[in-house]
Amino acid sequence: QVQLVESGGGLVQAGGSPRLSCAASGLTFSRYAMGWFRQAPGKEREFVATIRWSGGSTYNALSVKGRFTISRDNAKNMVYLQMNSLKPEDTAVYYCAARQGSLGPTGADYWGQGTQVTVSS
């Protein structure tokens, strides 16, 4: 019943600033930590960012620190990833994820199907 649906991906130029969105349903959204992971072709899935259930704290991977911002709107059951200054190495499928309590690099309980972000030089 839990559904996480990502949107906002596509082809962007280096330096672009798209925003990814994730719509959650089938869960008590405000009680879940949310996060974003990504997976590039031939690479393992990597952690990108997470946000606490209250939105009071966030944590980003070093690779995106200072460039990406995760946020959430509990009233709308939405989580976002604002991406700035995109680099070609940011090209990957981006996955929305959820976990009760906390979420980190070890993984999550629920996953979206992913949205492709391709960054051209």
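Sequence order as written defines residue numbering, which begins from 1 separately in each chain. Residues qualify for local features only when their pLDDT is at least 70, as the model is predicted, and side-chain atom pairs are given and counted only at 80 or more; totals for whole chains, interfaces and linings, by contrast, use all residues. Values shown for side chains rest on all heavy atoms present in the structure; no hydrogens or waters enter the calculation.

1. Examining the side chain of Thr-91
Runs of H or I in DSSP of at least four residues are treated as helices and runs of E of at least two as strands, each being numbered from the N terminus. By the secondary structure assignment, Thr-91 is in the loop between strand E8 (78-83) and strand E9 (92-100). Between buried and exposed lies partly exposed: a residue is buried under 20% and exposed over 50% of the maximum accessible area for its type, with that area taken using a 1.4 Å probe on protein chains only. Here Thr-91 falls in the buried class, since its relative accessible area comes to 18%. Here a polar contact means two N or O atoms within 3.5 Å. Within protein one must be a hydrogen donor candidate and the other an acceptor candidate, and residues neighboring in sequence count only if both atoms are side-chain atoms. Among the polar contacts made by the side chain of Thr-91, one reaches the main-chain amide nitrogen of Val-119 at a distance of 2.9 Å. In this analysis, two residues are considered to be in contact whenever any of their non-hydrogen atoms come within 4.5 Å of each other. Sequence-distant contacts of Thr-91, that is, excluding residues within four places in its chain, are made with Ala-40, Gln-116, Val-117, Thr-118 and Val-119.

2. Focus on the nonpolar core
Nonpolar side chains in soluble globular proteins generally cluster together in the buried interior. As used here, the term nonpolar core means buried Ala, Val, Leu, Ile, Met, Phe, Trp, Tyr and Cys residues forming a set that is joined through side-chain atoms within 4.5 Å. Counting 33 residues, the largest nonpolar core has Met-34, Trp-36, Val-79, Leu-81 and Tyr-94 as the members making the most contacts within it. Mapped by element, the contributors of at least two residues to this core are strand E3 (19-25), strand E4 (32-39), strand E5 (46-51), strand E7 (68-73), E8, E9 and strand E11 (115-120). Not counting residues up to four positions away in its chain, the partners in contact with Tyr-94 are Glu-6, Leu-20, Trp-36, Phe-37, Arg-38, Val-48, Phe-68, Leu-81, Met-83, Gly-114, Thr-115 and Val-117.

3. Some points on unusual backbone geometry
Despite not being glycine, Asn-77 shows a phi value in the positive range, around 55°. With respect to the helices, strands and loops of the structure, Asn-77 is situated in the loop between E7 and E8. Residue Asn-77 is classed as partly exposed on the basis of its relative accessible area, which comes to 26%. Notably, Ser-85 is not glycine yet its phi reads approximately 50°, a positive angle. For Ser-85, a relative accessible area of 42% gives the class partly exposed.

4. Looking at the side chain of Thr-115
Within the element layout of this structure, Thr-115 appears in strand E11. A distance of 3.3 Å separates the side chain of Thr-115 from the backbone nitrogen of Gly-9, its partner in a polar contact. Not counting residues within four places of it along the chain, the set of residues in contact with Thr-115 comprises Glu-6, Ser-7, Gly-8, Gly-9, Leu-20, Ala-92, Val-93 and Tyr-94.

5. Digging into the state of the cysteines
Two cysteine sulfur atoms make up a disulfide if the distance between them is within 2.5 Å. For the structure on display, the rule yields one disulfide. Linked covalently through their sulfurs, Cys-22 and Cys-96 form a disulfide whose S-S length is 2.1 Å. Across the S-S bond of Cys-22 and Cys-96 the torsion is about -80°, and the bridge reads as left-handed. A residue pair is termed long-range when its members are at least 10 positions apart, and Cys-22 in strand E3 and Cys-96 in strand E9 qualify at 74 residues. Its relative accessible area of 0% is what places Cys-96 among the buried residues.

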